[in-house]
Amino acid sequence: MRITIIGTGYVGLVTGACLAEVGHTVLCVDNDPRKVELLRAGGIPIYEPGLEELVQRNVGIGRLGFTQSTAEGVEKSDIIFIAVPTPPQADGSVDLSYIEGVAREIAISLTRYRIIVDKSTVPVKTAEKVAETIRRYCKTKVEFDVVSNPEFLREGFAVQDLMKPDRIVLGVNSPRPETAMREVYAPFKAPIIVTDTNSAELIKHAANSFLALKISYANALSVVCESAGANVLEVVRGMGLDERIGTRFLNAGLGFGGSCFPKDISAFIHISSQLGYDFRLLKEVQNINSEQMERFVKKIADTLWVIRDKRIGVLGLAFKQNTDDVRLSPAIDLCQRLLREGARLRVHDPKAMEKAKAVLPPGDQVEYVGDRDEVPEGCDALVIATEWPEFAALDLARARRSMTTPIVVDGRNLLDPAQMERHGFIYKSIGR
Ligand code: UDX
């Protein structure tokens, strides 16, 4: 099938590459000329395992192309995906101006029946608004359908999540677009849930909020475990083996961050309130998340007594493993809090150092260290802030020798307390 994707961010680019990979002819539209040029040359603007190969292969065989022109995208394809950003606003609501702008651009280029698919995460009722906008700005009377098809990919595992999805959600308000959308997704062999557009939009916000709720639940448990002398990892394992609960997304840590969960929960609370429901449960999920960070900084302060002028090594800057993304990263938040307390930082991340420099500029107070095992040198404490698996393989003997004081505060429960004790560390972690 001929498919256009408008917006080549994480979601748009991965979706475009994966749809091309399964045999569709895909044209990706982006209004940034440098991005289009880079992508045409086989480069990719983000770090995402497996994506570069996918883009290069499909560009090479002519199944994946890039353009700046929305008009070209609308003309050449039967199905137009919208995958532009939906950033948060100060009051927690979603800025839908990019979606609205694209809807207007599509409208003025529309000359034949097209299916317009919303992939971006949007509040319930957005598909209805998109349809209304297209009707309003389309010069002639052209038939079209708007479909809601939310994306559930995780950064760092985006290609894998897209190629092997748990489910595909299609929100349609008439039977006509369903057949074409089923054809788009036929090669993926995943269960397809067909519903109305409002329900499809709600599925996305409901799922992300529930996952964040699981994390806050684990973090709240970690506080109780710590006070009770219990081990949150054991408690969560015991709970999670109940199939109704499941072990995933119950890792206590520094709290959730990134470009999705914080934004989606705020948006869901906001839209619920507009619909007349005060979603107090989700407000508490937010509170637990911010308290978790405050508690962690206090833990570091309690261990060091005074933070000012202490040299602290920080392992991890990305908001989670397997990504170079530092947007709303708990690790960056932590670094900024430690800097405000007067600490001097030695920081490292396997992938996110370049992006981190924009928000955490190198200088007298912040030193970027290329080698993980060199970070502890001369430090009064070492903090683990992101769950990169390689941090669990830290050279402990070398760290012990090179640190001024052997204090490790593990915000992701990556290291083994017994082993840390054997190496002579003062070791603190979360909920154990
Ligand atoms: C999330 C959803 O998982 C995905 O389905 C949706 O499409 C977009 O939002 P992503 O933002 O890439 O994906 O990250 P995710 O892997 O879900 O992690 C989010 C945050 O939660 C990270 O900061 C991570 O460190 C934290 N987290 C995750 C925990 O603290 N504990 C856990 O058990 C799991």
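Just so it is clear, the structure is predicted and the values come from calculations on it, not from any experiment.

Basis of the calculations
- Throughout this description, residue numbers start from 1 for each chain and increase along the sequence as written.
- Under the rules for a predicted model, residues below a pLDDT of 70 receive no local features and side-chain atom pairs below 80 are neither given nor counted, while totals for whole chains, interfaces and linings still include all residues.
- Hydrogens and water molecules were not included; the side-chain quantities draw on all heavy atoms of the structure.
- When we say a residue is near a molecule or strand, we mean one of its heavy atoms is within 4 Å of it.
- Nitrogen and oxygen atoms within 3.5 Å of one another constitute a polar contact, given that in protein one can donate a hydrogen and the other can accept it, and given that sequence-neighbouring residues count only through two side-chain atoms.
- Each accessible area is a Shrake-Rupley result for a 1.4 Å probe, and residues are judged covered by the shown protein chains and nothing else.
- For helices the rule is a DSSP run of H or I covering at least 4 residues; for strands it is a run of E covering at least 2, with both sets numbered from the N terminus onward.
- Residues are grouped as follows: Ala, Val, Leu, Ile, Met, Phe, Trp, Tyr, Cys and Pro are nonpolar; Asp, Glu, Lys and Arg are charged; all remaining types, including Gly, are polar.
- Domain delimitation follows an automatic or database domain assignment.
- Here, residues are in contact when the closest pair of their heavy atoms is within 4.5 Å.
- For any pair of parts, buried area is found by adding up, for both, the accessible area (1.4 Å probe) each one loses once the two are put together.
- Criterion for a salt bridge: a side-chain nitrogen of Lys or Arg within 4 Å of a carboxyl oxygen of Asp or Glu.
- Pairing between strands is defined by DSSP: at least two bridges between them are needed.
- Angles shown run from 0 to 180 degrees and are taken between the N-to-C directions of axes, each axis being a line fitted to C-alpha atoms and, for helices, limited to the stretch in contact.
- Orientation labels follow simple angle bins: below 35 degrees gives roughly parallel, above 145 gives roughly antiparallel, 65 to 115 gives roughly perpendicular, and whatever is left gives oblique.
- Crossings are classed by handedness, with left-handed meaning an anticlockwise turn of the near helix from the far one by less than a right angle and right-handed meaning a clockwise turn.
- To estimate how far a helix should reach, multiply one less than its number of residues by 1.5 Å.
- Relative accessibility thresholds used throughout: buried, under 20% of the residue-type maximum; exposed, over 50%; partly exposed, between the two (1.4 Å probe, protein chains only).
- Here, the arc refers to the directions that run from the helix axis to the C-beta atoms.
- The handedness rule is simple: strands pointing away from the viewer, and a clockwise path from the first strand over the helix to the second, make the crossover right-handed.

Observations regarding the site of the ligand
Piece 1. Of all residues adjacent to the ligand, which total 20 residues, the nearest are Phe152, Glu155, Asn251, Phe319 and Glu387.
Piece 2. Lysine 204 is positioned such that a nitrogen or oxygen atom in its side chain is 3.5 Å from an oxygen atom of the ligand.
Piece 3. Phenylalanine 319 places a polar main-chain atom, nitrogen or oxygen, 2.9 Å from an oxygen atom of the ligand.
Piece 4. Here the ligand loses 94% of its free accessible area of 670 Å² to cover by the protein chains.
Piece 5. With 3 residues, helix H9 (residues 197–228) is the largest single contributor of residues to the shell around the ligand.
Piece 6. Class assignment for the residues of the shell around the ligand results in 9 nonpolar, 4 polar and 7 charged.

A look at the domain arrangement of the protein chain
Piece 1. Segmenting the protein chain into domains produces domain 1 (2–195), domain 2 (204–285) and domain 3 (296–428).
Piece 2. Using only C-alpha atoms to locate each centre, domain 1 and domain 2 end up separated by 29 Å.
Piece 3. Of the residues lining the interface, 17 residues belong to domain 1; the matching set on domain 2 comes to 12 residues.
Piece 4. For the pair domain 1 and domain 2, the summed buried surface comes to about 1,100 Å²; carbon and sulfur atoms form 64% of the total.
Piece 5. Among the residues of domain 1 in contact with domain 2, Gly92, Thr121 and Val124 are the three that bury the most area, contributing 32% of the side total.
Piece 6. At the junction of domain 1 and domain 2, the tally comes to 0 salt bridges.
Piece 7. Grouping the amino acids of the side of domain 1 that touches domain 2 by side-chain chemistry returns 8 nonpolar, 4 polar and 5 charged.

Re the sheet that holds strand E13 (residues 407–410)
For sheets, the rule is that strands pair by backbone hydrogen bonds, running either parallel or antiparallel.
Piece 1. Pairing is parallel across the open sheet formed by 6 strands, whose spatial order is E11-E10-E9-E12-E13-E14. For this open sheet the edge positions go to strand E11 (366–368) and strand E14 (426–428), each flanked by a neighbour on one side alone. The average undirected angle you get between the axes of adjacent strands in this sheet is 20°.
Piece 2. Its contacts with the sheet place helix H13 (residues 330–340) against strand E9 (311–315), strand E10 (344–348), E11 and strand E12 (381–384), and it is angled at close to 160° to E10.

Side note on the packing of helix H5 (residues 97–109) against helix H6 (residues 126–137)
Piece 1. Viewed as axis vectors pointing N to C, H5 and H6 meet at an angle of 40°, and their least axial separation amounts to 8 Å. By the criterion of interaxial angle, the relationship of H5 to H6 is oblique. The way H5 lies across H6 gives a crossing that is right-handed. Here Ile99, Glu100, Ala103, Arg104, Ile106, Ala107 and Ile108 of H5 come into contact with H6, specifically with Thr126, Val130, Thr133, Ile134 and Tyr137.

Here we look at H6
Piece 1. Helix length check: H6, at 12 residues, gives a terminal C-alpha distance of 16 Å against a target of 16 Å (1.5 Å per residue), a fit within 8%.
Piece 2. Within the sequence span of H6, burial applies to Thr126, Ala127, Val130, Ala131, Thr133 and Ile134. Each buried residue of H6 lies within a common arc of 160° when the element is viewed along its axis, so the set occupies one face. Opposite the buried face of H6, by more than 90 degrees, sit the exposed residues Lys129, Arg135 and Arg136.

Remarks on the pairing of strand E1 (residues 2–6)
Piece 1. Burial within E1 is extensive, with 4 of its 5 residues counted as buried.
Piece 2. Two elements, E1 and strand E2 (residues 25–29), share 5 bridges in a ladder whose sense is parallel. Each bridged residue has a counterpart across the sheet, and for threonine 4 the counterpart in E2 is leucine 27.
Piece 3. A crossover connection joins E1 to the parallel E2 through helix H1 (residues 10–21); in handedness this β-α-β unit is right-handed.
Piece 4. Strand direction decides the pairing type here: E1 and strand E4 (residues 79–82), joined by 4 bridges, are parallel. In the sheet register, isoleucine 5 faces E4, and the bridge partner there is phenylalanine 81.

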